[in-house]
Amino acid sequence: MVFIMRAARYYAPRDIRIENVEMKPPEGNEVQVRIKGAGICGSDLHNYRKGMFMDRVPIITGHEFVGIVEQTGPLVKGLKPGDHVVADSRVYCGKCEDCKQGRYNLCAGLGFLGEVCEGAFAEFAVLSESQFFKLPLDLPLEKAVLLEPFAVSLHLLRSVKVEAGSHLGIVGAGPIGLLALLAARELFKCRVSIVEPSMVRREKALQLGAETAVEPTDRELEKYFSSIPLVIEAVGRSAAFNTALKLAAKGGTVVLAGLFEDAYRGDINLITEKELTIKGVNGFTNSNIYEAIKLIHGGHVDPSGVIFKRVGLEDINEAFNLMDNPEISDGKVIVEP
Ligand SMILES: [Zn+2]
Ligand SMILES: [Zn+2]
């Protein structure tokens, strides 16, 4: 027996419609989760602007969400109604060599919820049990809603060597840059310098513990050139990557986290001349999720400051426009269906 729910379906760039959608109740190893909060991610914005990763349309978009188990299929073992969960946004094959080694984020067939199957911006999700991580019941879902992007920011830092108390550069103070700032402060007591064009985002970064926050065009930035051992690029644009290459000290490392919508243009010779290491990172690992739960649940990191606004499902288009306008939004917009 199907049920009807409200959902935001993506049809084309800048065309997301709120509709009644028919869903099948959970079968086999599936779980039906009532979605309590779903964040808009940078890759959702890539889809909103250009449909970059969309596998098929129409589709319920979104992949970062938390919720409460409503019903389970007969073969579900580890979850029961009332349990709190965060979705594993990755959809992987489980059979390839990388999956067998637990490197699901490198699966040859990797896709994401809301791109290859129905996703997060809806009243419910019905997905296999393996698509969820169980949460402690006393971890507020309003904080847990940032677990997935926080795990991404932990992956950035755990993929490279970070010296305690060292100087860290972050280019881009969007949600991933801000969460990386919180993680670097907590885990490594880093002194963090932010480069960010939006004034509201620079102010937010300073509030959240950045030592300095500078505009990319500011002459002041030059004094940091070739001085920072580790720089994170959290934007995905040529100009931002070029800034990161300039900031990095000789022999330093640049972590590339942003996905580019356009072809790269810039002075790649800086990598050779300064003997830089470029480290790409993709998504997160299971251990990043477990560490994210531990840090937030234990009160070591409170990611709530990275939330700009919470809106209802009916306002999803406003939510996307806000996220797409960094002069106004200084953090993540959460959709609460
Ligand atoms: Zn995401
Ligand atoms: Zn695989």
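The structure displayed is predicted, hence computed values, not measured ones. (Residues numbered from 1 in each chain as written. Chains lettered and ligands numbered in written order. Predicted model: local features only at pLDDT ≥ 70, side-chain atom pairs only at ≥ 80, totals over all residues.)

Chemist: What is the right way to read the overall build of the protein chain from this model?
Modeler: For the protein chain, the count of helices and strands is ten helices and 18 strands. A globule of 337 residues ought to have a C-alpha radius of gyration of about 20 Å, and the protein chain, at 20 Å, matches this closely. Taken over the C-alpha atoms alone, the protein chain extends approximately 65 × 40 × 35 Å along its principal axes. Buried residues in the protein chain amount to 46% of all 337 residues. Partitioning the intrachain contacts of the protein chain with sequence separation of at least 6 by distance along the chain shows that 70% fall at a separation of at least 24. (Helix = DSSP H or I, 4+ residues; strand = E, 2+ residues; numbered from the N terminus. Rg over C-alpha atoms; globule rule 2.2 N^0.38 Å. Buried ≥ 20, exposed ≤ 12 C-beta atoms within 10 Å, placed from the backbone. Contact = placed C-beta atoms within 7 Å.)

Chemist: In this structure, what is going on with helix α6 (residues 199-207)? I would like to understand it.
Modeler: An α-helix turns once every 3.6 residues. As a result, residues three or four positions apart point the same way. All of the buried residues in α6 are R201, R202, K204 and A205. Across the axial projection of α6, the buried residues extend over an arc of 160°, all falling on one side. Buried-residue contacts for α6 involve α5 (175-188), β12 (191-195) and β13 (212-214). (Arc of directions from axis to C-beta.)

Chemist: Would you explain the sheet that holds strand β2 (residues 15-23) in this entry?
Modeler: Two modes of strand pairing occur in sheets, parallel and antiparallel, and in both the strands are linked by backbone hydrogen bonds. Strand order in the open sheet made by the three strands is β2-β1-β4, with antiparallel pairing throughout. Only two strands of the sheet have a single neighbouring strand rather than two, namely β2 and β4 (59-60). One ladder, built from nine bridges, connects strand β1 (residues 3-12) with β2; its direction is antiparallel. Each bridged residue has a counterpart across the sheet, and for R9 the counterpart in β2 is R17. (Pairing = 2+ DSSP bridges.)

Chemist: Explanation requested: helix α1 (residues 42-50) in the structure shown.
Modeler: G42, S43, D44, N47 and Y48 are the residues of α1 that are buried. Looking at the packing, one finds that the buried side of α1 touches β1, β8 (111-112), α5 and α10 (316-323).

Chemist: Quick question: what am I supposed to make of the nonpolar core here?
Modeler: Across soluble globular proteins, nonpolar side chains show a tendency to be buried alongside one another. Ranked by size, the top nonpolar core spans 100 residues in total, and within it A122, L147, I170, A180 and L181 carry the most contacts. With eight residues, the single largest contributor to this core is α5. Each of domain 1 (3-148 + 284-336) and domain 2 (160-280) gives at least three residues to this core. Residue contacts for I170: discarding those within four places in its chain leaves G177, A180, L181, V192, I194, I232 and A234. (Core = buried A, V, L, I, M, F, W, Y, C linked by C-beta atoms within 7 Å. Domains from an automatic or database assignment.)

Chemist: Even after reading the chapter, I still don't get the pairing of strand β11 (residues 167-171), so can you show me in this structure?
Modeler: Looking along a regular strand, one sees side chains alternate from face to face of the sheet. Judged by how many residues are buried, β11 sits mostly within the fold: four of five residues are covered. Pairing of β11 with β12 involves five bridges; the strand directions are parallel. Across the sheet, L168 pairs through a bridge with V192, a residue of β12. For the crossover that starts at β11, traverses α5 and ends in the parallel β12, the hand is right-handed. Alignment of β11 against strand β14 (residues 228-233), held across four bridges, turns out to be parallel. Bridge pairing links V171 to E233 in β14. (Right-handed = clockwise from strand over helix to strand, strands pointing away.)

Chemist: Sorry, what's going on with the domain arrangement of the protein chain here?
Modeler: How big an interface is tends to be stated in terms of the accessible area lost upon association of its parts. Per the domain assignment, the segments of the protein chain are domain 1 (3-148 + 284-336) and domain 2 (160-280). Placing the centre of domain 1 and that of domain 2 at their C-alpha centroids yields a distance of 27 Å. Contacts between domain 1 and domain 2 engage 18 residues on the former and 17 residues on the latter. Element by element, the count of residues in the side of domain 1 that touches domain 2 is highest for α1, at four residues. Looking at side-chain class alone, the side of domain 1 that touches domain 2 contains eight nonpolar, six polar and four charged residues. (Nonpolar A, V, L, I, M, F, W, Y, C, P; charged D, E, K, R; others polar.)

Chemist: How should the sheet that holds β11 be read in this particular structure?
Modeler: An order of β13-β12-β11-β14-β15-β16 is seen for the six strands of this open sheet, with the pairing classed as parallel. The sheet terminates laterally at β13 and β16 (277-280), the two strands that pair on one side only. Between one strand axis and the next, the sheet turns through 20° on average, direction left out of account. Bridge analysis of strand β15 (residues 248-256) against β16 gives four bridges, and the strand direction is parallel. Looking at β16, one finds that V254 is bridged to I278. Sheet contacts for α5: β11, β12 and β14; angle to β12, the most-contacted strand, approximately 170°. (Axes fitted to C-alpha atoms, helices over the stretch in contact; angles between N-to-C directions.)

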